[in-house]
Amino acid sequence: MDTPPFLDTNRPDVPNMVVSGGVMPFYLERSPVRGRLVRLGPLADAILSRHDNPDAVSRLGGEALALVAAMVSALKFKGAFSLQIKGDGPVSMLVADATDSGDLRFFARLREDADRNALPEAAKELLGDGYMAFTIDQGPDMDRHQGIVDLTGTALAEMAMHYFRTSEQHDCWIRLFCAKSADGWKAGALVLERIAAEGGIEATEQDEDAWETACTLAETVTEQEVLDPELSNEQLIHRLFGTLDVRLGTPRALAYGCRCNRARLASVLETFPDDDLDHMVENGAITMNCEFCNVGFRFTRDELGERSE
């Protein structure tokens, strides 16, 4: 059984931060529509500012964090939801994931020849051609579910909607937001999902109209509204959907959630041959860096021991 983060003395010194109402689920009464409003609050800056990324990359990272937070909150079981993107653009890899308890983490990798001072703003230009993979992990005793599609669309939200439309045959409306303010990075999302009719019955014309109306109202949301800490979740949802008999669910917490620890990394190093470990020593120690929380773990050669022949 994994040790809870607050009892794990092997974890690095990272923020102990929880946003109690980070995800607000809602649904429309007598309509085939459910949704989630995601607002990372101070988590966005806590996670993004640990990496020395150009603003364009951090902005994309904030959108990715909001996306996985929205998706994991729909799981009905314990597990994790991850997004991985690989492309031939300046950002060669981007990974963001979230657990069912709301733990978030992220990293992005820039190509060595990327011009950090002249990066494009659009997600498609940052990522180039490649693929997007969504993975649902239900633990070691269950098979993982993964879907992969080409990167299609200009913005990350468009790429995600393309995924659900083609890989899952599931109607979703997604908007992602991330901006840098005087108080640091802020990020959020608004997601609508179309619920299948009960018993596989074909959707009625009334259902079609309800979905179209909800999407039209959602289109009016602004970045300023989603990222405004003075505007409550309840106020914003009722502002957008109050005319459609909206019902609020139970809010879900989000947290700073890198899952690395010293013991786990030491066990990885101990699988290497002794000669390889000897060559990895620099300045008297071996350093392993966690790409998610950007913490370097130092191990002396003596700590790792030697295996007998």
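Under an unreviewed UniProt entry, the name given to the protein chain is Hsp33 family molecular chaperone HslO, and the source organism is Gluconobacter vitians.

*Asks:* So what exactly am I meant to see when it comes to the overall build of the protein chain here?
*Replies:* In terms of regular secondary structure, the protein chain is built from ten helices and 13 strands. When each of the 309 residues of the protein chain is scored for burial, the buried share is 49%. Relative to all contacts within the protein chain whose residues are 6 or more apart in sequence, the contacts with residues 24 or more apart total 65%. Of the roughly 16000 Å² of accessible surface on the protein chain, a fraction of 47% belongs to carbon and sulfur atoms.

*Asks:* What is the right way to look at the pairing of strand S11 (residues 252–256) in this model?
*Replies:* Regular strands have side chains that alternate between both faces of the sheet. Examined bridge by bridge, strand S1 (residues 18–28) and S11 share three bridges and lie antiparallel to one another. Residue pairing in the sheet places Val23 in a bridge with Arg252 of S11. In the sheet, strand S5 (residues 103–110) pairs with S11 via two bridges, with the strands oriented parallel. When the sheet's bridge partners are listed, Asp103 is paired in S11 with Ala255.

*Asks:* What exactly am I supposed to notice about empty space enclosed by the protein here?
*Replies:* Empty space left among the atoms is revealed by rolling a probe the size of a water molecule over them. Evaluated as defined, the whole model comprises one cavity of 30 Å³ or more. Counted as a void, the largest cavity has a volume near 30 Å³. Around the largest cavity, the lining residues are Val23, Val72, Ser73, Thr99, Asp100, Gly102, Arg252, Ala253 and Leu254. If you tally residues by element for the lining of the largest cavity, the top one is S11, at three residues.

*Asks:* Help me understand the environment of Leu248 in this model?
*Replies:* Within the secondary structure, Leu248 sits in strand S10 (residues 246–248). Take Leu248: its relative accessible area is 30%, and that puts it in the partly exposed class. A C-alpha to C-alpha distance of 8.5 Å links Leu248 and Ile237, two positions eleven residues apart in sequence. Look past the residues within four positions of Leu248 in its chain and what remains in contact with it is Met24, Pro25, Phe26, Glu234, Ile237 and His238.

*Asks:* What should I look at first to understand the side chain of Ser73 in this one?
*Replies:* With respect to the secondary-structure elements, Ser73 resides in the loop between helix H2 (55–72) and strand S3 (80–87). Separated by 3.3 Å, the side chains of Ser73 and Arg36 make a polar contact. If near-sequence neighbours (up to four positions away) are discounted, Ser73 is found in contact with Val23, Arg36 and Arg252.

*Asks:* Mind showing me how you'd approach the pairing of strand S8 (residues 172–181) here?
*Replies:* Of all the ten residues making up S8, seven are buried; the element is thus mostly covered by neighbouring parts of the structure. Counting the residues in the hairpin turn of S8 and strand S9 (residues 184–194) gives two residues.

*Asks:* Honestly, the pattern of salt bridges in this entry has me stumped. Any pointers?
*Replies:* Where charged atoms from two side chains of opposite charge approach closely, those side chains can pair. Enumeration over the complete set of coordinates arrives at 15 salt bridges. Close ionic contact of Glu225 with Arg239 constitutes a salt bridge, the shortest N to O distance being 2.9 Å. Placement of the pair is Glu225 in helix H6 (residues 223–227) and Arg239 in helix H7 (residues 233–241), with a sequence separation of 14 residues. Relative accessible area serves as the criterion here: at 14%, Glu225 is assigned to the buried category. Each of the salt bridges in this network shares a partner with another, and the network as a whole consists of Glu29, Arg30, Asp245 and Arg247.

What counts as what
Residues numbered from 1 in each chain as written. Predicted model: local features only at pLDDT ≥ 70, side-chain atom pairs only at ≥ 80, totals over all residues. Heavy atoms only, no water. Helix = DSSP H or I, 4+ residues; strand = E, 2+ residues; numbered from the N terminus. Buried < 20%, exposed > 50% of the residue type's maximum accessible area, 1.4 Å probe, protein only. Contact = heavy atoms within 4.5 Å. Areas by Shrake-Rupley, 256 points an atom, 1.4 Å probe, with all protein chains shown as cover. Pairing = 2+ DSSP bridges. 1 Å grid on protein atoms, 1.4 Å probe; cavity = no way out; pocket = protein on both sides within 12 Å on 5 of 7 lines; lining within 4 Å. Points joined across faces, edges and corners; volume = space filled by probe spheres on them. Polar contact = N/O pair within 3.5 Å; in protein donor to acceptor, adjacent residues only side chain to side chain. Salt bridge = Lys/Arg side-chain N within 4 Å of Asp/Glu carboxyl O.

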